[in-house]
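Chain by chain, the residues:
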Amino acid sequence: MFDMWHIMNKCTVVAKRELFYAWPFGLAAWLAGLIFIDRVRGEKARATLNAVNHKIKNQKIKLWVFPEGTRRNTGELHPFKKGAFHMAIDEQIPILPVVFSSYCTFLNDKKKILNAGNIIVTALPPIATEGLTKDDLDGLMERVHWVMSDTFKQSSTEILQRYAAHSLNNKCQTSNSSNTPKLSPVRTPATGVGDDFIKHTDTVAGTTTVFDKNDYQDVMVIKKSTTLIH
């Protein structure tokens, strides 16, 4: 979020109420205008969102919502909550789906893994809500969930391929240090994404990935509007 916050202009976030009590972050977030909701009490959460909905549209404030709730590393998106979609229909505000790829290569609660890592963030085309009513709520949720889920699976596959390629390279370097022949990936210019990118083909792992040639760091472009942030 911090990596892209500067391009959002006026933006606020819907967060669970528990984060408010994680001081000093909670206090700073409240002073910055974050909207805290009680996820346990659904009616109270909806009332909070309704209270700020009209203000958000009039002042042209972007609202960042996590409709899935707390993400779990199961390899798929979970059902969305309805609050954000009610808001979008009430004020006829377009929805801009933003998809973060899987965290599984560097974050795993069960295995107690918390490392530095990379993710792919994909901004999809906005979905209009003009003319929609409450009767269209379920259809809208299904449509948004489908396009986000499809993108999530694609971007997660790409990040796993990158992780596998780097893991194999590390193993090869370790083997090479013990006088074992090193397996070298093929590095060739990648077409269609500019001269600053290379194609990493690993014949052992059977993977081909496009990377920024600056030491494989910071940026990766796989397809239109898909970037890797570090």
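Residues numbered from 1 in each chain as written. Predicted model: local features only at pLDDT ≥ 70, side-chain atom pairs only at ≥ 80, totals over all residues. Heavy atoms only, no water.

Draft legend 1. Here's a closer look at the packing of aromatic side chains. Under the counting rule described, the total for this entry stands at six aromatic pairs. Look at Tyr 103 and Phe 106: their rings are 6.0 Å apart centre to centre, the planes differ by 40°, and that puts the pair in the tilted class. A relative accessible area of 23% means that Tyr 103 is categorised as partly exposed. Ring-pair connections join several aromatic residues into one group, and the members of that group are Phe 20, Tyr 21, Trp 23 and Phe 36. (Phe/Tyr/Trp six-rings, centres within 6.5 Å; stacked < 30°, edge-to-face > 60°. Buried < 20%, exposed > 50% of the residue type's maximum accessible area, 1.4 Å probe, protein only.)

Draft legend 2. Summary view of the sheet that holds strand E3 (residues 62–64). Strand order in the open sheet formed by three strands is E2-E1-E3, and the pairing between neighbours is parallel. Of all the strands in the sheet, the pair left with one neighbour each is strand E2 (35–37) and E3. Across the sheet, the axes of successive neighbouring strands diverge by a mean angle of 25°, strand direction being ignored. In this sheet, E2 lies alongside strand E1 (residues 11–16) in parallel orientation, the contact comprising three bridges. Paired with Ala 15 across the bridge in E2 is Phe 36. (Pairing = 2+ DSSP bridges. Helix = DSSP H or I, 4+ residues; strand = E, 2+ residues; numbered from the N terminus. Axes fitted to C-alpha atoms, helices over the stretch in contact; angles between N-to-C directions.)

Draft legend 3. The pattern of salt bridges, seen in detail. Inspection of every chain in the model, using the stated rule, returns one salt bridge. For Lys 134, the salt bridge identified is with Asp 90, shortest N-O distance 2.7 Å. Separated by 44 residues along the polypeptide, Lys 134 in the loop between strand E7 (119–123) and helix H4 (137–177) and Asp 90 in helix H3 (residues 83–90) bring together distant segments of the chain. For Lys 134, a relative accessible area of 39% gives the class partly exposed. (Salt bridge = Lys/Arg side-chain N within 4 Å of Asp/Glu carboxyl O.)

Draft legend 4. View of the UniProt feature "transmembrane region" (unreviewed entry) in the protein. If you check UniProt for "transmembrane region" (unreviewed entry), the listed places come out as residues 20–37 in our numbering. What you have in residues 20–37 is 39% helix and 17% strand, and the ends, taken at the C-alpha atoms, are 10 Å apart. (UniProt positions renumbered as here; feature names shortened; annotations may be inferred.)

Draft legend 5. A look at the pairing of E1. Buried residues dominate E1, accounting for five of its six residues. For E1 and E3, the ladder comprises three bridges, and the chain directions are parallel. Paired with Cys 11 across the strands is Lys 62, a residue of E3. For the crossover that starts at E1, traverses helix H1 (residues 25–31) and ends in the parallel E2, the hand is right-handed. (Right-handed = clockwise from strand over helix to strand, strands pointing away.)

Draft legend 6. Here's a closer look at H3. Listed in full, the buried residues belonging to H3 are Gly 83, Phe 85, Met 87, Ala 88 and Ile 89. Backbone geometry just downstream of H3 places Gln 92 in the positive-phi region, at approximately 55°.

Draft legend 7. Summary view of the nonpolar core. Phe 80, Phe 85, Ile 95, Leu 140, Val 144 and Met 148 are the most contacted members of the largest nonpolar core, which has 15 residues in total. Where this core is concerned, the elements lending two or more residues are H3 and H4. For this core, the leading source of residues is H4, giving six residues. Setting aside residues up to four positions removed in sequence, Phe 80 forms contacts with Pro 67, Glu 68, Phe 85, Met 141, Val 144, His 145 and Met 148. Judged by nonpolar contacts, the second largest core, of eight residues, contains Trp 64, Phe 106, Ile 119 and Val 121. (Core = buried A, V, L, I, M, F, W, Y, C linked by side-chain atoms within 4.5 Å. Contact = heavy atoms within 4.5 Å.)

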